[in-house]
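# Report on the structure
Residue strings, one per chain:
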Amino acid sequence: MKVRAWAPGRVNLIGDHTDYTGGLVLPMAVDLGTTVELERGGPWVELVSTEEPEPAFVVLGSERDPREWRGWARYVAGVVDVMQPGAGGVGVVTTTLPVGAGLSSSAALEVSVALALDFGGSALDLALVCQEAEQRASGVPCGIMDQLASAAGVEGHALLIDCTSLEVTPVPVPDDVEVVVVDSGQRRELARSHYGVRRAQCEEAAAIVGPLRQASLAAVERLERDDLRRRARHVVTENARVAAFADALRAGDAAGAGALMVESHASLRDDFEVSTPALDRLVESLLATPGVLGARLTGAGFGGCTVALVRPGTDVSASGPVWRVRPSAGARVEVVNPSGRFA
Ligand code: GLA
């Protein structure tokens, strides 16, 4: 049987480095994504990609660590390793996402591969399997945001995700704003080690003040170690900004939402220390552009992309390579009949 699975990338509007602390995030699935066309069956998964010179070839039931595969094949191996599908398949991967730029191309690959391999659970189950696959493939102790945004996206909406309860609440994106992603061009070689260090610092802070989701700002300010105090302060204030941002979107207060993005960037820069001079300059240049309501780094930081909320038609191309993205539905899979059309 031939299937076609598609999974979107995501951009995070606000709420970074909060997911792995059980906090709040507000990403949206975007209208750029990854497609896997697969002829299901057989004892292995064999995929070629139009973006990659090397194919991915993973034998089902192999005991090999996914990190032994090179490049993109790791993520395919990670999905197979966690999901243990009943059958493999042979197929082709294409994508409209920029790879490695911070729009979660790896999450889109994992989710589309899992669906092509006949994953049968809920969007949340799919996201949990793919989060585990990402962790095994990359060694980065990532949170649930990217995979859940890709699996559970809702057209026209951003997703307020409570990373303690894993409840997803769609929040409409108003018609009088656009979301643009601008690439800093800086790739994130150091992201792996720094990401793990930040996560460990949040865990150390939580061991003293209790879960950061419930911790008060006053308790966090009493932390003696300067690094723990600042990391925890970012998380506590960012959770409050995510909730306020969701309220602003619902109220159609685009200017208020934009102001919260600017505060979020400052907190990620000063307290969480995951920005870079290139990202800071890009955010400043965006904020100096008429029609831009707010801008911030998005995702893990250490390079990658910024996201801006703008009035429709605002031209930010002077600041860097731009993707105008629309809030999209989540991942899906369809059977392709022999004529090549969807059944
Ligand atoms: C990466 C991770 C996510 C999240 C962000 C930062 O994208 O995969 O789980 O932690 O960084 O918000």
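Right above here is the structure, for reference.
First things first, this report covers the structure right here in the doc. (Residues numbered from 1 in each chain as written. Predicted model: local features only at pLDDT ≥ 70, side-chain atom pairs only at ≥ 80, totals over all residues. Heavy atoms only, no water.)

A few words on the sheet that holds strand β10 (residues 305-310). Ordered by their spatial adjacency, four strands build an open sheet running β9-β10-β8-β11, and the pairing between neighbours is antiparallel. Every other strand in the sheet has two partners, leaving β9 (292-297) and β11 (322-325) as the edge strands with one partner each. The sheet shows a mean angle of 25° between the axes of neighbouring strands, direction not considered. Here β9 runs beside β10; their pairing, made up of five bridges, is antiparallel. Note that in β10 the partner of Leu-297 across the bridge is Thr-306. Helix α8 (residues 254-270) contacts β9 and β10 of the sheet and is inclined by roughly 25° relative to β9. (Pairing = 2+ DSSP bridges. Helix = DSSP H or I, 4+ residues; strand = E, 2+ residues; numbered from the N terminus. Axes fitted to C-alpha atoms, helices over the stretch in contact; angles between N-to-C directions. Contact = heavy atoms within 4.5 Å.)

Here we take up the packing of helix α2 (residues 105-116) against helix α4 (residues 145-152). Axis separation between α2 and α4 bottoms out at 9 Å; the angle between their running directions is 55°. By the angle between their axes, α2 is oblique relative to α4. In this structure, α2 crosses over α4, and the sense of that crossing is right-handed. Residues Ala-107, Ala-108, Glu-110 and Val-111 of α2 form the contact with α4, whose own contacting residues are Asp-146, Gln-147 and Ser-150. Taken together, the residues of the contact of α2 with α4 break down into three nonpolar, two polar and two charged. (Parallel < 35°, antiparallel > 145°, perpendicular 65-115°, else oblique. Left-handed = near helix turned anticlockwise from the far one by under 90°. Nonpolar A, V, L, I, M, F, W, Y, C, P; charged D, E, K, R; others polar.)

Near the ligand the following residues occur: Arg-10, Asp-16, His-17, Asp-19, Tyr-20, Cys-142, Gly-143, Met-145, Asp-146, Tyr-195, Gly-299 and Ala-300. Note that an oxygen atom of the ligand is positioned 2.5 Å from one of the side-chain N or O atoms of Asp-19. Here Gly-143 contributes a backbone N or O atom positioned 2.9 Å from an oxygen atom of the ligand. In the complex, the protein chains occlude 93% of the 310 Å² of accessible area that the ligand would expose alone. Each residue belonging to the shell around the ligand can be placed in one class, and the counts come to five nonpolar, three polar and four charged. (Near = heavy atom within 4 Å. Polar contact = N/O pair within 3.5 Å; in protein donor to acceptor, adjacent residues only side chain to side chain. Areas by Shrake-Rupley, 256 points an atom, 1.4 Å probe, with all protein chains shown as cover.)

The next point concerns the nonpolar core. Across soluble globular proteins, nonpolar side chains have a tendency to be buried as a group. Core analysis: the largest hydrophobic core is formed by 78 residues, its most contacted members being Val-11, Leu-26, Met-28, Leu-47 and Phe-245. Of the residues forming this core, the biggest block, eight residues, is contributed by strand β2 (residues 24-40). Every residue in contact with Phe-245, bar those within four places of it in the chain, is listed here: Leu-13, Ile-14, Leu-26, Ala-257, Leu-260 and Met-261. Core analysis: the second largest hydrophobic core is formed by 21 residues, Tyr-20, Val-235, Val-274 and Leu-279 among them. (Core = buried A, V, L, I, M, F, W, Y, C linked by side-chain atoms within 4.5 Å. Buried < 20%, exposed > 50% of the residue type's maximum accessible area, 1.4 Å probe, protein only.)

Now for the pattern of salt bridges. This model, assessed by the stated rule, comprises 27 salt bridges. For Arg-70, the salt bridge is made with Glu-54, and the minimal N-O distance between the two is 3.7 Å. Within this pair, whereas Arg-70 is found in the loop between β4 (56-59) and α1 (73-83), its partner Glu-54 is found in the loop between β3 (44-49) and β4, the two being separated by 16 residues in sequence. On the basis of relative accessible area, Arg-70 is assigned to the exposed category, the value being 65%. What emerges from the salt-bridge pattern is a single network uniting Asp-226, Arg-229, Arg-230, Arg-231 and Glu-273. (Salt bridge = Lys/Arg side-chain N within 4 Å of Asp/Glu carboxyl O.)

Turning our attention to the environment of Leu-159. For Leu-159, the location among the structural elements is in strand β6 (residues 157-162). Residue class for Leu-159 comes out buried when judged on its relative accessible area of 0%. Between the C-alpha atoms of Leu-159 and Leu-287, which are 128 residues apart in sequence, the distance is 25 Å. Excluding its chain neighbours within four sequence positions, the residues that come into contact with Leu-159 are Val-25, Leu-26, Pro-27, Leu-148, Ala-149, Ala-152, Gly-153, Val-154, Val-168, Thr-169 and Pro-170.

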